[in-house]
Amino acid sequence: MFDWLNQNVIWMIPAAPLAACLWIVLFGQFARRQAAHRSLVLGMFVSLLSALYLLLAVVPTTFVEHGSDDHAAQTGDHAEGEHADSPPADALASGTGEEHTAPARSITFTVYQWFRVGTMDVPVTLRADAMSALMLVMVTSVSLLVAIFASSYMHGDPGYPRFFASMSLFVFSMCMLVLAGNFLLMFVFWEAVGLCSYLLIGFWFKKPSAAAAAKKAFVVNRIGDFGFILGVFLTWTTFGTLDFQKLFEDPTLINAMAAKNPEIFTTICLLLFVGAIGKSAQFPLHVWLPDAMEGPTPVSALIHAATMVTAGVYLVARCSPFFEHAPLAQVVVSSVGAATALIAAITALTQYDLKRVLAYSTVSQLGYMFMALGAGAADSHHLMQHGVTFAMFHMFTHAYFKAVLFLAAGSVMHAMGDVIDMRHFSGLKKSLPITHRTFLCGALALAGFPLLSGFWSKDEIISVLFAASRTDSPYATVYLAIWCVALLVSLMTAFYTFRAYFLTFHGPERFPDGVHHPHDAPPAMAGPLYLLALGALVVGIAVGPTHLYAHYLHQTPGLPEAPAHPLDFVMMGLSTLIAFAGIGTAYAVYGRGATAPAPDAPLSPFAALSYHGLYLDQLYLALVVRPLQGVARLSEAFDKHLIDPIVDGVALIPALLGAVLRPFQNGSIQHYAFVMLLGLAACLLWMVQTFAG
């Protein structure tokens, strides 16, 4: 039994949500509509158990102790439907050209041969290693809890089956993205999660703002996806393969190209990063994510906080063997992350929509992850692995504390009659005790409160950026500036998080018009809130200082070797002071019974700049959207007044010819007989003239 499970568990992870999607689509409208969530919950439970089994029992069999000559490998051919491991190698060269023991291999499962054209061979292959196993546990666990929460939150909605069908399709697509064994398959499901995002953001499509937000997210992401597909194409033309196993587990191809044409790595990495910018909402393509809050709150918690928006982080981390040879691309990654984090944090300072505060916080925290991913340019041999590890660790902890924050915000919205503007309510901690406690847990973790999840992961990022600024690299000054930005953003994060907390749960008790006795989260919503809050409290300390997460992730094939990164107690102390300063400032301003100003209250110039997101949307509207609309109108006029008349004129020629011949084909028998008589007379006349002559 266990042998069968070891060989098949990898495809069970995406198959379970796909089966749930098919069941809802085929039978959801005919069976009990309000029970459509059950198939998704069951599918996600199976998927989570499979992901845990993969994490704890299957992937560890491929691990190799560093420095050991014992490379115990699973056996198996690369036959369709069977496992296939990369060949063992005792002394593979690292990306820097130094010798070290290969950390591990991946496990693959070929579903079927997609297509083979010339030298391009693209099978549908599922591939699992340490990085993807950790990512899958995060995706499936958060998805399961969000599905349970949504079963109560969406109760009574006329589109109930459609919501859970779209959600099932999203989870399937996200799992396939993580398990993709080659770039082309990853791109297919990269697009699939974008499609599902469009469907879920625009779920209430009769609402104009929701339909506009869905279109905005779809269009902006296409810009990033164009860069991604160009990067995929350049990868294939450069290396002749798109297979992750061939590219990342055997350094031969990469080392040969690094010696021959090292500049190509910068181009490939920057193009791939453009895709990550779009999907992970980084500057300048970050403007779609705050508007995506128009979708149902469970969508915000699942897709736009914990899973889909982290796909860009996963892509850059997966391609770290490429980025290792592209220090300039790493500096760009880190700089864009710093700029994004700062812009989003400034914008979040003055928002009154609770979900938009959390949305800008998500954008900012994703910026932190990219800051860490680009830290390797200062010292690729040591900092590259640390940066990838800490970025992925922050992504892991962020999924839990941001999911609980979004779901708690949804609980507030549920109780306040769909009102989420903090200027219309306050003092909710007594009427919504469950929501208050769980939101507080997530807020403390996000602010970096000592010993909670966000503290451990964010502190590591600040530490690695400081280490990058103290190297002999020509980019050291750049990393010093990025480190300063990280500290400033950390301070602002603690402030705006607790500004939202105090405005919502403290002060005089006020409810929106029409709400008199608000109800707290029912059991189906409270259970996921408590479990995610527990994750926000303990996940970081459980796998952070114990190095469980780092040691596991270091077994990912292709990650460069590096010595262990010790705990930086100086940075921990500095992070603690910053967190307390931000929380204390928020308490001084908003925690003593202060309420938000009236919606029509005037804003100061800085507050207006922050509230309108530095006017970037307006800037894009003036510099990009309206000029393109002008070009579109000009093209329409050119087509309507020049091209159309030419085409219509050409079409008029057969019509004129037909008009000439039409009188002779009028359908009258008498007319046809008369014409025949004339023809006969003409023939007789011709014959008489011929014989007479």
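Every value quoted in this text rests on a predicted model; they were computed, and no experiment measured them. (Residues numbered from 1 in each chain as written. Predicted model: local features only at pLDDT ≥ 70, side-chain atom pairs only at ≥ 80, totals over all residues. Heavy atoms only, no water.)

A. Here's a closer look at the nonpolar core. Residues Phe 170, Phe 183, Phe 322, Met 392 and Leu 465 are the most contacted members of the largest nonpolar core, which totals 225 residues. Ranked by the residues each element gives to this core, the list is headed by helix α16 (residues 383–415), at 22 residues. Apart from the residues within four sequence positions on either side, Phe 322 is in contact with Phe 183, Thr 235, Phe 239, Leu 247, Phe 248, Ile 254, Phe 265, Ile 268, Cys 269 and Leu 272. (Core = buried A, V, L, I, M, F, W, Y, C linked by side-chain atoms within 4.5 Å. Buried < 20%, exposed > 50% of the residue type's maximum accessible area, 1.4 Å probe, protein only. Helix = DSSP H or I, 4+ residues; strand = E, 2+ residues; numbered from the N terminus. Contact = heavy atoms within 4.5 Å.)

B. Examining unusual backbone geometry more closely. A cis amide bond links Phe 283 to the next residue, Pro 284, at an omega of 10 degrees. Relative to the assigned elements, Pro 284 resides in the loop between α9 (263–279) and α10 (288–291). The phi dihedral of His 547 is positive, around 65 degrees, even though this residue is not glycine. Following the sequence through the fold, His 547 ends up in the loop between α20 (523–543) and α21 (548–553). The phi angle at Leu 614 is positive, at roughly 60 degrees, despite the residue not being glycine. Tracing the sequence through the fold places Leu 614 in the loop between α23 (605–611) and α24 (616–661). The exposure class of Leu 614 is partly exposed, given its relative accessible area of 25%.

C. Highlighting the packing of aromatic side chains. Counted under the stated rule, the structure contains 37 aromatic pairs. On the basis of an interplanar angle of 80 degrees and a centroid distance of 5.4 Å, the ring pair of Phe 163 and Phe 203 is categorised as edge-to-face. Separated by 40 residues along the polypeptide, Phe 163 in helix α4 (residues 160–179) and Phe 203 in the loop between α5 (183–201) and α6 (208–239) bring together distant segments of the chain. On the basis of relative accessibility, which here comes to 1%, the residue Phe 203 falls in the buried class. Relative to Tyr 400, the ring of Phe 396 has its centre 5.5 Å away and its plane inclined at 65 degrees; by these criteria the two rings are edge-to-face. Separated by 4 residues within a single helix, Phe 396 and Tyr 400 lie in helix α16, roughly one turn from each other. A relative accessible area of 10% places Phe 396 in the buried class. What makes Tyr 400 buried here is its relative accessible area of 9%. Counting every residue linked through ring pairs, the aromatic cluster contains Phe 183, Phe 239, Phe 244, Phe 248, Phe 265 and Phe 322. Positioned over the ring face of Phe 218 is Arg 222, at 4.3 Å from the centre of the ring. Sitting above the plane of the Tyr 352 ring, Arg 499 keeps its charged end 4.8 Å from the centroid. (Phe/Tyr/Trp six-rings, centres within 6.5 Å; stacked < 30°, edge-to-face > 60°. Lys NZ or Arg CZ within 6 Å of the ring centre and 35° of its normal.)

D. Examining the side chain of Thr 125 more closely. The residue Thr 125 is located in strand β5 (residues 120–128) in this model. Taking relative accessible area as the criterion, Thr 125 reaches 7% and is therefore assigned buried. Thr 125 has contacts with Thr 108, Phe 109, Thr 110, Leu 179, Ala 180, Gly 181 and Leu 185, leaving out every residue within four places of it along the chain.

E. Focus on the confidence of the model for the protein. Confidence in the prediction for the protein averages 87 pLDDT; 93% of positions are at 70 or higher. In the model, residues 66–103 has pLDDT below 50 throughout and makes 93 contacts with residues more than four positions away in sequence or in other chains. (pLDDT = per-residue confidence, 0-100.)

F. Quick peek at the packing of helix α1 (residues 2–27) against α4. Where α1 meets α4, the axes come as close as 8 Å, and the angle between the chain directions of the two elements is 160 degrees. The angle between α1 and α4 places the two elements in the roughly antiparallel class. Judged by the twist between their axes, the crossing of α1 over α4 is left-handed. Here Ile 10, Ile 13, Pro 14, Pro 17, Leu 18, Ala 20, Cys 21, Ile 24 and Val 25 of α1 lie close against α4, whose contacting residues are Pro 161, Phe 164, Ala 165, Ser 168, Leu 169, Val 171, Phe 172, Cys 175, Met 176 and Leu 179. Class assignment of the residues belonging to the contact of α1 with α4 gives a composition of 18 nonpolar, 1 polar and no charged. (Axes fitted to C-alpha atoms, helices over the stretch in contact; angles between N-to-C directions. Parallel < 35°, antiparallel > 145°, perpendicular 65-115°, else oblique. Left-handed = near helix turned anticlockwise from the far one by under 90°. Nonpolar A, V, L, I, M, F, W, Y, C, P; charged D, E, K, R; others polar.)

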